[in-house]
Amino acid sequence: MDKKNALRAGALAAGTTLMMLLMSSPALALTRDDGDDPGTGLNVGETLGLYVAAPLVIFLVIVGLVMVLDKSNPAHRVFKPGKTKA
């Protein structure tokens, strides 16, 4: 019975994916919409800064704030600095 359910789920996922691919035809992207003004593209440096560096900086700021503002009881922590696992 497990194989039957797995086969049914796989067929459903494949069918859904196929229908989504057919419904979102890339040919529709060739026609421009009214008022569409895309502007200039990003160069490599801007792209890396926007999609790599900025998220890393935001992540590190959040991690730093959590570490600095952590007011929990040291006895309740899982990792205790200075102690090693035996």
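See the structure above.
Each value, and the rule that gives it
- Residues numbered from 1 in each chain as written.
- Predicted model: local features only at pLDDT ≥ 70, side-chain atom pairs only at ≥ 80, totals over all residues.
- Heavy atoms only, no water.
- Helix = DSSP H or I, 4+ residues; strand = E, 2+ residues; numbered from the N terminus.
- Buried < 20%, exposed > 50% of the residue type's maximum accessible area, 1.4 Å probe, protein only.
- Areas by Shrake-Rupley, 256 points an atom, 1.4 Å probe, with all protein chains shown as cover.
- Expected span 1.5 Å × (residues − 1).
- Bend = angle between axes of the 7 residues up to and from the residue.
- Polar contact = N/O pair within 3.5 Å; in protein donor to acceptor, adjacent residues only side chain to side chain.
- Patch = residues over 30% accessible without salt bridge, like charges linked within 9 Å, V, L, I, M, F, W, Y side chains within 5 Å.
- Salt bridge = Lys/Arg side-chain N within 4 Å of Asp/Glu carboxyl O.

A. Structural detail: the overall build of the chain. The secondary structure content of the chain amounts to 2 helices and 0 strands. The proportion of buried residues among the 86 residues of the chain is 0%. Total accessible area computed for the chain in this model is approximately 8400 Å², and 70% of it derives from carbon and sulfur atoms.

B. Local environment of helix α2 (residues 44-68). Helix length check: α2 (25 residues) gives 34 Å between terminal C-alpha atoms against 36 Å at 1.5 Å per residue, within 8%. Roughly 35 degrees is the biggest bend found in α2, and it falls at Leu 50. By the N-cap criterion, in which a side-chain oxygen at the helix start approaches the backbone nitrogen of a residue two or three places on, α2 is capped by Asn 43, the distance to Gly 45 being 3.2 Å.

C. A look at a nonpolar patch on the surface. Taken together, the side chains of Leu 42, Val 44, Leu 48, Leu 50, Tyr 51, Val 52 and Leu 56 present a nonpolar region at the surface, about 730 Å² in accessible area. The topology assignment puts Val 52 in helix α2.

D. Structural context of helix α1 (residues 2-23). Spanning 22 residues, α1 covers 32 Å between terminal C-alpha atoms, matching the ideal 32 Å at 1.5 Å per step. Counting buried positions over the 22 residues of α1 gives 0, only a small fraction of the element.

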